[in-house]
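Report on the structure
Spelled out from the first residue to the last, the chains are:
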Amino acid sequence: MKSRISPYIAAIALITVLATAGCLGPAGTAVNATPEPTPESCEACTVPEGFCGPPGVCPGEPVNEVYAFTDKNVYRIGEVVEFGIVNCGDEPVEFSNPSPWRVDRWGANTSGCTPENCTGGMWETIGRSGRAHTGDIVYLYPGDNWTVQWDTASWDAAQGKNVEPMGNSTLTPRTYRIWIWNSINISKEFEFV
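Residues numbered from 1 in each chain as written. Predicted model: local features only at pLDDT ≥ 70, side-chain atom pairs only at ≥ 80, totals over all residues. Heavy atoms only, no water.

This paragraph deals with the side chain of threonine 70. Along the chain, threonine 70 turns up in strand 2 (residues 66-70). In this structure threonine 70 comes out as buried when scored by relative accessible area, which is 0%. Side-chain polar atoms of threonine 70 contact the side chain of lysine 188, separated by 3.4 Å. (Helix = DSSP H or I, 4+ residues; strand = E, 2+ residues; numbered from the N terminus. Buried < 20%, exposed > 50% of the residue type's maximum accessible area, 1.4 Å probe, protein only. Polar contact = N/O pair within 3.5 Å; in protein donor to acceptor, adjacent residues only side chain to side chain.)

Structure below.
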C-alpha cells in the first residue's frame, strides 16, 4: 500500500520550508530600485555673512547686495515654492513693476546656450509674473524683501494667479530658476524631483 500525503499537510510543509528560507518575508527594496530623493531643507544651506533676508531661506549669489532666495533647494512637483528677493545693500533698488520675475527651466543638450552657460543647453521660460507691466517704478528699500508663493499643485490652472504659465510649461524633474529682472538681473536655481 502506498503512503499518501494529504494535500493540506503538503501545503503546510511547503509554506514552512519557504518561510524558514526567508522567501516569504516582507518585501524589501528591489536590488535595482533607486530610493526617492528627499527634498533638501534650507537648514543645510550656507547663508553668507551679511545676509539680511528672512530666516530659513536659501539665498542665491548676490548682485549689488540683492539676493534672490527660495525656501528650499529641492522640491517635489506639487509643493509650494516660496521665493523672493531681499535688498541687503545701503541703497534702494529700482524695479519697473512690483513683480518682475519669471520661471525658467534648464533644457540640457538643446541647441544654443545662454551667456552664463554654454554647455549644450539653455534656459526656457515656462512662466512669468501674473501682473501686467505697468511702467510704474517701485523700490525695494534696504532690508526689505518681496516674497511670492507658487503653488505647483495647481500649476496648469494658474492662469492669472501668481505664476502665469507660458508655452510648454509642464513641470518635470530637473533644474529650474527664478529670474528677477531689472538693471541687475538676479536668479536662484532649485530642483524638482
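Moving on from the model shown.
Evaluated as defined, the whole model comprises eleven aromatic pairs. Relative to phenylalanine 192, the ring of phenylalanine 190 lies with its centre 5.6 Å away and its plane at 85 degrees, an arrangement referred to as edge-to-face. What links up through ring pairs into an aromatic cluster is the set Tyr75, Trp150, Tyr176, Phe190 and Phe192. (Phe/Tyr/Trp six-rings, centres within 6.5 Å; stacked < 30°, edge-to-face > 60°.)

Residues Trp150, Ile180 and Phe192 are the most contacted members of the largest nonpolar core, which totals 22 residues. Elements that contribute at least two residues to this core include exactly strand 2, strand 4 (80-87), strand 5 (93-95), strand 6 (101-108), strand 9 (145-151), strand 11 (174-180) and strand 12 (186-192). Excluding residues within four positions of it along the chain, isoleucine 180 makes contact with Ala68, Gly84, Ile85, Phe95, Pro100, Trp101, Asn185 and Ile186. Judged by nonpolar contacts, the second largest core, of six residues, contains Phe51, Val57, Tyr67 and Val86. (Core = buried A, V, L, I, M, F, W, Y, C linked by side-chain atoms within 4.5 Å. Contact = heavy atoms within 4.5 Å.)

It is worth spelling out the state of the cysteines at this point. Evaluation of the coordinates by the stated rule reveals one disulfide. The disulfide that involves cysteine 52 links it to cysteine 88, with 2.3 Å between the sulfurs. Around the S-S axis, the bridge from cysteine 52 to cysteine 88 shows a dihedral of about -105 degrees and counts as left-handed. With a gap of 36 residues between them, cysteine 52 in the loop between helix 1 (7-20) and strand 1 (58-59) and cysteine 88 in the loop between strand 4 and strand 5 connect regions that are remote in the sequence. Its relative accessible area of 13% is what places cysteine 88 among the buried residues. (Disulfide = S-S within 2.5 Å.)

On to a nonpolar patch on the surface, then. Taken together, the side chains of Ile137, Tyr139 and Tyr141 present a nonpolar region at the surface, about 300 Å² in accessible area. Position of tyrosine 139 relative to the elements: it lies in strand 8 (residues 138-140). On the basis of relative accessibility, which here comes to 38%, the residue tyrosine 139 falls in the partly exposed class. (Patch = residues over 30% accessible without salt bridge, like charges linked within 9 Å, V, L, I, M, F, W, Y side chains within 5 Å. Areas by Shrake-Rupley, 256 points an atom, 1.4 Å probe, with all protein chains shown as cover. Salt bridge = Lys/Arg side-chain N within 4 Å of Asp/Glu carboxyl O.)

What follows deals with the pairing of strand 2. The element strand 2 is extensively covered by neighbouring structure, given that five of its five residues are classed as buried. Burial along strand 2 is two-sided: Val66, Ala68 and Thr70 and Tyr67 and Phe69, pointing in opposite directions, are all buried. As judged from the two bridges shared by strand 1 and strand 2, these two strands associate in the antiparallel manner. In the sheet register, cysteine 58 faces strand 2, and the bridge partner there is threonine 70. (Pairing = 2+ DSSP bridges.)

Turning next to the confidence of the model for the protein chain. When pLDDT is averaged along the protein chain, the result is 75; 58% of the residues meet or exceed 70. Averaged pLDDT values for the elements of the protein chain fall to 58 in helix 1 and rise to 95 in strand 3 (residues 74-75). Considering only residues more than four positions removed or in separate chains, one finds that residues 22-30, a stretch of pLDDT under 50, has four contacts. (pLDDT = per-residue confidence, 0-100.)

It is worth spelling out the sheet that holds strand 2 at this point. Strand order in this open sheet of four strands is 1-2-4-9, and the pairing throughout is antiparallel. A single partner strand is all that each edge strand has here, and the edge strands are strand 1 and strand 9.

With that settled, consider the pattern of salt bridges. Following the criterion strictly, the structure yields four salt bridges and no others. Among the ionic pairs, glutamate 79 bridges to lysine 72, the shortest N-O distance being 2.7 Å. Classification of glutamate 79 by relative accessible area gives partly exposed; the value is 25%. For lysine 72, a relative accessible area of 16% puts it in the buried group. Within the structure, one salt-bridge network assembled from shared partners comprises Arg102, Asp104 and Arg177.

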